[in-house]
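Listed below, chain by chain, are the residues.
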Amino acid sequence: MQLYRLTAHELHGLLTKKEISAEELCETVFERIEAADDKICAYITRTKELALERARHVDGLIRNGEGVSPLSGIPVAVKDNICTDGVRTTAASKILANFVPPYSATVVKRLDAAGAVMTGKTNMDEFAMGSSTENSAFFTTRNPWDTGRVPGGSSGGSAAAVAAGEAVCALGSDTGGSIRQPASFCGVVGIKPTYGAVSRFGLIAFASSLDQIGAFSRDVTDCAQMLNVICGHDPLDSTSARFDVPDYTGFLINDVRGIKIGVPEEYMAEGTDPGVRGAIEKAMALFESLGAVVEYTTLPHSEYALPTYYLIAPAEASSNLARYDGVRYGFRAEDAGDVIDMFVKTRSRGFGAEVKRRIMLGTYALAAGYYDAYYLKALKVRTLIKEDFDRALEKYDVLISPVSPTTAFRIGEKTGDPLQMYLSDICTISVNLAGIPGISIPCGFAEGMPVGLQIMGRHFDEGMLLRVAYTFEQNTGYHKMFPSDTGLGGF
Amino acid sequence: MARYEAVIGLEVHVELKTRSKIFCDSTTEFGGEPNTHVCPVCLGLPGVLPVVNKTVVEYAVRAALALNCRIAGFSKFDRKNYYYPDMPKNYQISQYDLPIAENGYLEIDTEEGPKRIGIARLHMEEDTGKLVHQGAITTTPYSLVDYNRAGVPLIEVVSEPDLRTPEEARRYMEKLRAVIHYTGVSDCKMEEGSLRCDANISVRRAGSRVFGTKTEIKNLNSFKALQRALAYEIERQIEVIEEGGRIVQETRTWDEGRGVTLPMRSKEQAHDYRYFPDPDLVPLVIDEEWVEDIRRSLPELPDAKRERYVREYALPAYDAGVLTSTKELADFFEACVRAYPNPKIVGNWIMGDLLRLLNANNMEIDGCRIKPGQLASMLQLMDRGTISGKIAKTVFEEMFASGKDPDTIVKEKGLVQISDEGAIAAVVDGVIAGNPKTVEDYRAGKEKALGFLVGQVMKATKGKANPELVNRLLKERL
């Protein structure tokens, strides 16, 4: 078995038993990156020298018998909208192509303190706006299971890196499904924690009330390890919650007896790919066979989730992205006549089409005379959607659904039709609007491409998500599949 | 003019003197090399988040309570969106529909007696940076930006349109400054920009209940500018109406040099700020008990202090008003009274000689070198007869100039009053011998002649002779 196919907890065993060194592990992963990334294009920036230095430092700690944490020496990739001190952070935008932050995001500092080794910065849709990574200003990331298909997005680089063995775990961000959907498309585990569970400080904002940093891993155990490191209150983020962070590995329990699982019928509506539907129905049957109570339920305001999201998110984005004007940092159009001209030219050339589309949508939604009809209305509907979940989760411990109505689509298939692209997030955006946690785990294949199962839970009840996910994983084998195992040309 | 009435409302920005900025821990210190009092947060770098400085909220509550406002138990921050290079994020974090305080008032003195001016609201916001142009803004080849001021906390105090004359507007502004300055939350220095004012003004026919169309006047950098600009704008608006024209709703700027207001932008060119709640900040929930703690910690405010001076010190209302016009002056006065418990005499010295010297030297009381204890010592020297009232004036001026103790000055300059009877008698004898004509006049009944002789004695002693003694000795000999 190749080292790069192992999980963090397996590697941790090898590291502490000194069967491998962190430096060897790091070298192996970079060899894999060098071999695979020309095809996969997961990374915008690789930080090999920095990584090796960190790995050697961790080896020193292991040699000295000093406290080694579960992520010590584990190669972790970081989405390129999460700031890293001294390492270029672009948000996959031309406007930030040369931006080197003078500080690190809180999550990056936490990973660093836990001994994790950053491999580099991963590709994404520009400013996290997109569902396929095709909106990156630099290049499109490929799905490791079929390089003719998208890895999903916006955290496509992180998902593809973990799926292809180019990193063991990765950080992503999820505003409307940007962790769960690519995790699903790439056959890995991806969690969007409860809004407020993880500090957003250092995450380049898209839509502040929806953005949440989360993690990718190859199994649920690693997911719990990542949560242990990244969750917790941060005084630098007013919206981060003060709560007692549990040891999430304590929820890795292979038992769902008596657990009530609801399946929102709206999430299995027509338009759901038969292969996807089949995989979800098989998962429902499995849970039932393991002693869980599985029932169909309803989230009546689901049909309003997409329009609600596409008012709130662009409105916040139009304001969040106003700072990219060429005055202080990043790209600046040099041929401007005056300051307004500089703003206009800088932003016209610096942003891609999808980002501009959303800035215009959001500016319109907030404009005098439209605010009440659009933005304010959307906030009200958001409350209704939240209440749908509150009601459902009073009755059920978790809700399950597909992550996306389809498996990974072909590159270029939806770029001409933004609305079709938006529909790819139909099952995930409500979770962001409600602020609850959601996880995607591999639950089968449809025509050779991975299908993801979404598990949604109560606020700060990541523990229950992990328990249900872990039980599923332990009773199936999908998480052990690697793209090259299919014999279908996967990596 | 009597046929028209002006309606004026003021929007006043006050810089709070917290140690750090409103949403980060960069220093608020004035000046400093450009872009040295900054951090990723106040520079609006990608990914940063604001965190409210609790002291800013406390100061805002303090000011609001002093202005008799109701504190909102629930308020929030909003983003005011517009593009300008001095704004790091191209939006300003402010408070829109749920400000921290509303419904206050301030009382001003007018010729018709005290008048209550309503305060509609008080809210918190962040200051912007500043642009440095090379020459005029219209011709500058490039501009530089200094973000030291970006994120410095401000409160904006919006009055009701209750002011009717430029004079009232100035008084309101002066009173507002005094009250806020008393609370200690701001330096309130117009010259340094820690107190800024915009005015909304319209005119209407006397007796009308309807408001006329208003204009907003910016760039009012002093009390004088405020009063002059309003006076000008009233005249201008009346003239437009008298000539059958209409007032255009617009923003105008005060041109100090030319003494006129000029159009800046029309209503059509006004920004759409696209306010919306800042998703990076949670709503402010303010505990009533905390508000009460702050209320209890408020110092005695100018109106209460003035009343007390009249009541306790038996000062005339006017004197009490002058002495309480700034907290520093009142503190100085009270310290002097503690050291020399005669409020009337202390008050006279402060209102007379001290304020005259401060004005002449363009100084504030906090720059004064005379310490309260020194003024008391000087007054005691007078009581003991060591110096005369006339000498005291000289000593006071020297104290003001050098900050030296009055005893030292008296000793150094040999200003001790001569009360040695023998020494003065000798001088008196000399003056009598040297002015036989005047002596004769006096003996013939010309009372005035005595004054001349006293003057001669004082001249000979360089003013140091004890005047009572001189009078007695002269009379005895004549």
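In this text, all values refer to a predicted model and were calculated from it rather than measured experimentally.

Cut-offs and rules
Residues numbered from 1 in each chain as written. Chains lettered and ligands numbered in written order. Predicted model: local features only at pLDDT ≥ 70, side-chain atom pairs only at ≥ 80, totals over all residues. Helix = DSSP H or I, 4+ residues; strand = E, 2+ residues; numbered from the N terminus. Rg over C-alpha atoms; globule rule 2.2 N^0.38 Å. Buried ≥ 20, exposed ≤ 12 C-beta atoms within 10 Å, placed from the backbone. Contact = placed C-beta atoms within 7 Å. Expected span 1.5 Å × (residues − 1). Arc of directions from axis to C-beta. Axes fitted to C-alpha atoms, helices over the stretch in contact; angles between N-to-C directions. Parallel < 35°, antiparallel > 145°, perpendicular 65-115°, else oblique. Right-handed = clockwise from strand over helix to strand, strands pointing away. Pairing = 2+ DSSP bridges. Left-handed = near helix turned anticlockwise from the far one by under 90°. Nonpolar A, V, L, I, M, F, W, Y, C, P; charged D, E, K, R; others polar. Core = buried A, V, L, I, M, F, W, Y, C linked by C-beta atoms within 7 Å. pLDDT = per-residue confidence, 0-100.

## Structural notes on the overall build of chain B
Part 1 of the reasoning: Along the backbone of chain B there are 15 helices and 16 strands.
Part 2 of the reasoning: A compact globule built from 478 residues would reach a C-alpha radius of gyration of about 23 Å, whereas chain B, at 30 Å, exceeds it by more than 25%.
Part 3 of the reasoning: Projected onto its principal axes, the C-alpha positions of chain B cover 95 × 55 × 50 Å.
Part 4 of the reasoning: Residues classed as buried in chain B amount to 40% of the 478 residues present.
Part 5 of the reasoning: Long-range contacts, defined here as pairs at least 24 residues apart, represent 69% of the contacts in chain B between residues at least 6 apart.

## Some details on the overall build of chain A
Part 1 of the reasoning: When its secondary structure is counted, chain A shows 15 helices and 11 strands.
Part 2 of the reasoning: For 491 residues, the compact-globule estimate of 2.2 N^0.38 gives 23 Å, and the C-alpha radius of gyration of chain A, at 21 Å, lies within 12% of that figure.
Part 3 of the reasoning: Based on the C-alpha atoms only, the size of chain A along its principal axes is roughly 65 × 50 × 45 Å.
Part 4 of the reasoning: Buried residues in chain A amount to 60% of all 491 residues.
Part 5 of the reasoning: When contacts within chain A are restricted to residue pairs at least 6 apart in sequence, long-range pairs at least 24 apart make up 76% of them.

## Details of helix H5 (residues 302–313) of chain B
All names here are of chain B.
Part 1 of the reasoning: The end-to-end C-alpha distance of H5, which contains 12 residues, comes to 15 Å, matching closely the 16 Å that a straight helix rising 1.5 Å per residue would cover.
Part 2 of the reasoning: Within the sequence span of H5, burial applies to Pro302, Lys305, Arg306 and Tyr309. What you see down the axis of H5 is that its buried residues fit within an arc of 100 degrees, all on one side. Across from the buried face of H5, at angles greater than 90 degrees, the exposed residues are Arg311 and Glu312.
Part 3 of the reasoning: On its buried side, H5 packs onto helix H2 (166–183), helix H6 (317–323) and helix H7 (327–339).
Part 4 of the reasoning: Once H5 finishes, alanine 314 follows within two positions and takes phi at roughly 55 degrees, a positive value.

## Topic: the packing of helix H2 (residues 22–40) of chain A against helix H3 (residues 48–63) of chain A
Residues and elements named next belong to chain A.
Part 1 of the reasoning: Taken N-terminus to C-terminus, the directions of H2 and H3 make an angle of 155 degrees; their axes are 7 Å apart at the nearest point. By the angle class used here, H2 and H3 are roughly antiparallel. Of the residues in H3, those touching H2 at Ala22, Glu23, Leu25, Cys26 and Phe30 are Lys48, Ala51, Leu52, Ala55, Arg56, Val58 and Asp59.

## So, the pairing of strand S7 (residues 260–264) of chain A
All names here are of chain A.
Part 1 of the reasoning: Buried residues dominate S7, accounting for 4 of its 5 residues.
Part 2 of the reasoning: Taken together, S7, helix H8 (residues 274–289) and strand S8 (residues 293–297) form a β-α-β motif whose crossover is right-handed.
Part 3 of the reasoning: Of the pairings in the sheet, the one linking S7 to strand S9 (residues 398–402) comprises 2 bridges and is parallel in character. Note that in S9 the partner of isoleucine 261 across the bridge is valine 398.

## A word on the sheet that holds S8 of chain A
Residue and element names in this part refer to chain A.
Part 1 of the reasoning: Spatial ordering of the open sheet is given by S1-S3-S2-S4-S6-S5-S10-S11-S9-S7-S8, a layout of 11 strands whose pairing is mixed. The two strands at the open ends of the sheet, each matched to only one other strand, are strand S1 (43–46) and S8. Neighbour-to-neighbour, the strand axes of the sheet open up by a mean angle of 30 degrees, direction not taken into account.
Part 2 of the reasoning: The strands touched by H3 are S1, strand S2 (75–79) and strand S3 (117–122); relative to S3, the strand with the most contacts, the crossing angle is about 160 degrees.
Part 3 of the reasoning: In this fold helix H5 (residues 156–163) packs onto S1, S2, S3, strand S4 (169–174), strand S5 (189–192) and strand S6 (212–217), with an angle of close to 155 degrees to the strand it touches most, S4.

## Things to note about the packing of H7 of chain B against helix H8 (residues 343–360) of chain B
Residues and elements named next belong to chain B.
Part 1 of the reasoning: It is the contact of H7 with H8, at a shortest axis distance of 9 Å, that shows an interaxial angle of 140 degrees. Overall, the two elements H7 and H8 adopt an arrangement that is oblique. Classified by chirality, the crossing of H8 by H7 is right-handed. On H8, the residues touching Phe333, Cys336 and Val337 of H7 are Pro343, Val346, Gly347 and Ile350.
Part 2 of the reasoning: Here the contact of H7 with H8 is composed, by residue class, of 6 nonpolar, 1 polar and no charged.

## Re the nonpolar core
Part 1 of the reasoning: Membership of the largest hydrophobic core comes to 218 residues, with the highest contact counts inside it found for Val76 and Cys169 of chain A together with Ala63, Ala64 and Leu122 of chain B.
Part 2 of the reasoning: Contacts of leucine 122 of chain B, omitting those with residues within four sequence positions, involve Ala60, Ala63, Ala64, Leu67, Cys69, Pro99, Ile100, Ala101, Gly104, Ile155 and Val157 of chain B.
Part 3 of the reasoning: Residues Phe332, Cys336, Leu381 and Met399 of chain B belong to the second largest nonpolar core, which totals 32 residues.

## Side note on helix H10 (residues 339–350) of chain A
Residues and elements named next belong to chain A.
Part 1 of the reasoning: Counted at 1.5 Å a residue, the expected span for H10 with its 12 residues is 16 Å, and the 16 Å between its end C-alpha atoms agrees.
Part 2 of the reasoning: Burial in H10 covers these residues: Phe343, Thr346, Arg347 and Gly350. For H10, the angular spread of the buried residues around the axis is 90 degrees, confining them to a single face. The exposed set on the far side of H10, more than 90 degrees from its buried face, consists of Ile340, Asp341 and Ser348.

## A closer look at unusual backbone geometry
Residue and element names in this part refer to chain A.
Part 1 of the reasoning: In this model, glycine 153 is joined to serine 154 through a cis peptide bond whose omega is 10 degrees.
Part 2 of the reasoning: Tracing the backbone through its elements, the reader meets serine 154 in the loop between S3 and H5.
Part 3 of the reasoning: One non-glycine residue, threonine 133, lies in the positive phi region at around 70 degrees.
Part 4 of the reasoning: Locating threonine 133 in the fold gives a position in the loop between S3 and H5.
Part 5 of the reasoning: For threonine 133, a count of 34 C-beta atoms within 10 Å puts it in the buried group.

## Thoughts on the sheet that holds strand S12 (residues 215–220) of chain B
Residue and element names in this part refer to chain B.
Part 1 of the reasoning: The strand order across the open sheet formed by 9 strands is S2-S6-S7-S10-S1-S11-S12-S13-S14, and the pairing between neighbours is mixed. The two strands at the open ends of the sheet, each matched to only one other strand, are strand S2 (70–71) and strand S14 (260–266).
Part 2 of the reasoning: The sheet contact formed by strand S11 (residues 195–205) and S12 spans 4 bridges and is antiparallel. Looking at the pairing, cysteine 197 lines up with leucine 220 of S12.
Part 3 of the reasoning: Sheet contacts for helix H3 (residues 223–242): strand S1 (4–15), S11, S12, strand S13 (250–255) and S14; angle to S11, the most-contacted strand, approximately 25 degrees.

## A word on the environment of phenylalanine 216 of chain A
All names here are of chain A.
Part 1 of the reasoning: Position of phenylalanine 216 relative to the elements: it lies in strand S6.
Part 2 of the reasoning: With 33 C-beta atoms counted inside 10 Å, the residue phenylalanine 216 sits in the buried group.
Part 3 of the reasoning: For the pair phenylalanine 216 and cysteine 41, spaced 175 residues apart in the sequence, the C-alpha separation amounts to 17 Å.
Part 4 of the reasoning: Ignoring anything within four residues of it in the chain, the contact list for phenylalanine 216 reads Ser158, Ala159, Val162, Cys169, Ala170, Gly172, Ile179, Ala183, Val188, Val189 and Gly190.

## Let's talk about the confidence of the model for chain B
Part 1 of the reasoning: Mean pLDDT over chain B: 92, with 100% of residues reaching 70 or higher.
Part 2 of the reasoning: Among the prediction metrics, the complex's ipTM stands at 0.95, with pTM recorded as 0.90.

## With respect to the environment of glutamate 107 of chain B
Residue and element names in this part refer to chain B.
Part 1 of the reasoning: Relative to the helices and strands, glutamate 107 is located in strand S6 (residues 101–110).
Part 2 of the reasoning: Judged by local crowding, glutamate 107 falls into the partly exposed class, with 15 C-beta atoms found within 10 Å.
Part 3 of the reasoning: Spatially, the C-alpha atom of glutamate 107 lies 9.4 Å from that of leucine 67, the residues being 40 residues apart in sequence.
Part 4 of the reasoning: Sequence-distant contacts of glutamate 107, that is, excluding residues within four places in its chain, are made with Pro114, Lys115, Arg116 and Asp303.

## Observations regarding the environment of arginine 410 of chain A
Residue and element names in this part refer to chain A.
Part 1 of the reasoning: Here arginine 410 is to be found in the loop between S9 and helix H13 (418–423).
Part 2 of the reasoning: Remark: the alpha-carbon pair of arginine 410 and asparagine 143, spanning 267 residues in sequence, is separated by 9.4 Å.
Part 3 of the reasoning: Once you skip the residues sitting within four places of it in the chain, arginine 410 turns out to touch Gly148 and Arg149.

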